Amino acid sequence: MNGKLEKLLIACITEHKENVYRLAYSYVKNSEDALDVVQDAIHKAFASAGSLKDTASIKSWFYRIVVNTSLDFLRKHKKIQVVDEITMESYAQGSEDTYTNIDLERALDDLPTIYRSVIVLRFFEDMKIDEIAEVLQENSSTIKTRLYQALRLLRIKMIDDKLEEVN
């Protein structure tokens, strides 16, 4: 790897470190596992940096590595999600100033991965449709379709959950 590419990669990782961690966490649901995923993704990025053809797309290239590394982690661990102490405390009764939407989080977790990825990248990472398409290596129209399907599934799930609460 040449020095210029190495500096670009370091700058990309440094600039997006919180977003990348949040992206990994959205898949693995555990802070230590998310850190492991990010560390593994960084290692993979440096190991395969020579395959990067266009340095202008380094961000989406690195996000794709993080997504794939997260999915690999879930496959290896059979989607068993252990909740860490910080998350558990935020769910505990009596926690102050915690406004997380547990219903939305559960509904997101229930979505198939192809839909959850699009939702997380669009609304939590604030990526544009074209950027998501690049990260997930799909065309933009496929991403739009998945986004609308995911939103429809989320809406149905949230309405069903609310109806169950009422009954």
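Residues numbered from 1 in each chain as written. Predicted model: local features only at pLDDT ≥ 70, side-chain atom pairs only at ≥ 80, totals over all residues. Heavy atoms only, no water.

Engineer: Give a description of the overall build of the protein that names residues and reports values.
Structural biologist: When its secondary structure is counted, the protein shows nine helices and zero strands. In the protein, the succession of α and β elements from N to C terminus is α-α-α-α-α-α-α-α-α. By sequence separation, contacts in the protein at least 24 residues apart represent 68% of the contacts at least 6 residues apart. Carbon and sulfur atoms form 53% of the exposed surface of the protein, whose accessible area is close to 10400 Å². (Helix = DSSP H or I, 4+ residues; strand = E, 2+ residues; numbered from the N terminus. Contact = heavy atoms within 4.5 Å. Areas by Shrake-Rupley, 256 points an atom, 1.4 Å probe, with all protein chains shown as cover.)

Engineer: Describe the layout of surface pockets, naming the residues involved and giving the relevant values.
Structural biologist: There is about 170 Å³ of room inside the second largest pocket. Arg 64, Val 67, Asn 68, Leu 71, Thr 113, Ile 114, Ser 117, Val 135, Leu 136, Gln 137, Glu 138 and Arg 146 together form the lining of the second largest pocket. Elements that contribute at least two residues to the lining of the second largest pocket include exactly α4 (58-76), α7 (113-124) and α8 (129-136). Here the element with the most residues in the lining of the second largest pocket is α4; it accounts for four residues. For the lining of the second largest pocket, the per-class residue count stands at five nonpolar, four polar and three charged. (1 Å grid on protein atoms, 1.4 Å probe; cavity = no way out; pocket = protein on both sides within 12 Å on 5 of 7 lines; lining within 4 Å. Points joined across faces, edges and corners; volume = space filled by probe spheres on them. Nonpolar A, V, L, I, M, F, W, Y, C, P; charged D, E, K, R; others polar.)

Engineer: Now, about the pattern of salt bridges: what can you tell me, with residues and values included?
Structural biologist: Scanning the entire structure with this criterion turns up eight salt bridges. For Asp 40, the salt bridge identified is with Lys 44, shortest N-O distance 3.8 Å. Remark: Lys 44 and Asp 40 occur in helix α3 (residues 31-47); sequence separation between them is four residues, near one turn of the helix. Relative accessible area serves as the criterion here: at 31%, Asp 40 is assigned to the partly exposed category. Close ionic contact of Asp 110 with Lys 157 constitutes a salt bridge, the shortest N to O distance being 3.4 Å. Of the two residues, Asp 110 sits in helix α6 (residues 102-110) while Lys 157 sits in helix α9 (residues 140-166), which places them 47 residues apart along the sequence. (Salt bridge = Lys/Arg side-chain N within 4 Å of Asp/Glu carboxyl O. Buried < 20%, exposed > 50% of the residue type's maximum accessible area, 1.4 Å probe, protein only.)

Engineer: So what's going on with the environment of Lys 162? Which residues, and what values?
Structural biologist: Turning to its location among the elements, Lys 162 is positioned in helix α9. Spatially, the C-alpha atoms of Lys 162 and Asp 103 are 9.1 Å apart, while their sequence positions differ by 59 residues.

Engineer: Quick rundown of α3? Include the residues and the values.
Structural biologist: Compared with an ideal rise of 1.5 Å per residue, which puts 17 residues at 24 Å, α3 spans 24 Å between its outermost C-alpha atoms and is within 8% of the ideal. Looking at the packing, one finds that the buried side of α3 touches α1 (3-15), α2 (17-28) and α4. Two or three places before Glu 32, at the start of α3, stands the capping residue Asn 30, its side-chain oxygen 3.0 Å from that residue's backbone nitrogen. (Expected span 1.5 Å × (residues − 1). Polar contact = N/O pair within 3.5 Å; in protein donor to acceptor, adjacent residues only side chain to side chain.)

Engineer: Can you lay out the confidence of the model for the protein for me, pointing to particular residues and giving the numbers?
Structural biologist: For the protein, per-residue confidence averages 82 on the pLDDT scale, and 83% of positions sit at 70 or higher. Within the model, pLDDT remains below 50 along residues 90-99, and this stretch shows six contacts once partners closer than five positions in the same chain are excluded. (pLDDT = per-residue confidence, 0-100.)

Engineer: Let's hear about the packing of aromatic side chains: which residues, and what values?
Structural biologist: Using the criterion set out here, one finds one aromatic pair in the structure. Ring geometry for Tyr 21 and Tyr 25: centres 6.1 Å apart, planes at 35°, overall tilted. Of this pair, Tyr 21 and Tyr 25 both sit in helix α2, separated by four residues, roughly a single helical turn. A residue is classified by how much of its surface remains accessible, and Tyr 21, at 27% relative accessible area, is partly exposed. The ring of Tyr 63 carries the charged tip of Lys 59 above its face, separated from the ring centre by 5.6 Å. (Phe/Tyr/Trp six-rings, centres within 6.5 Å; stacked < 30°, edge-to-face > 60°. Lys NZ or Arg CZ within 6 Å of the ring centre and 35° of its normal.)

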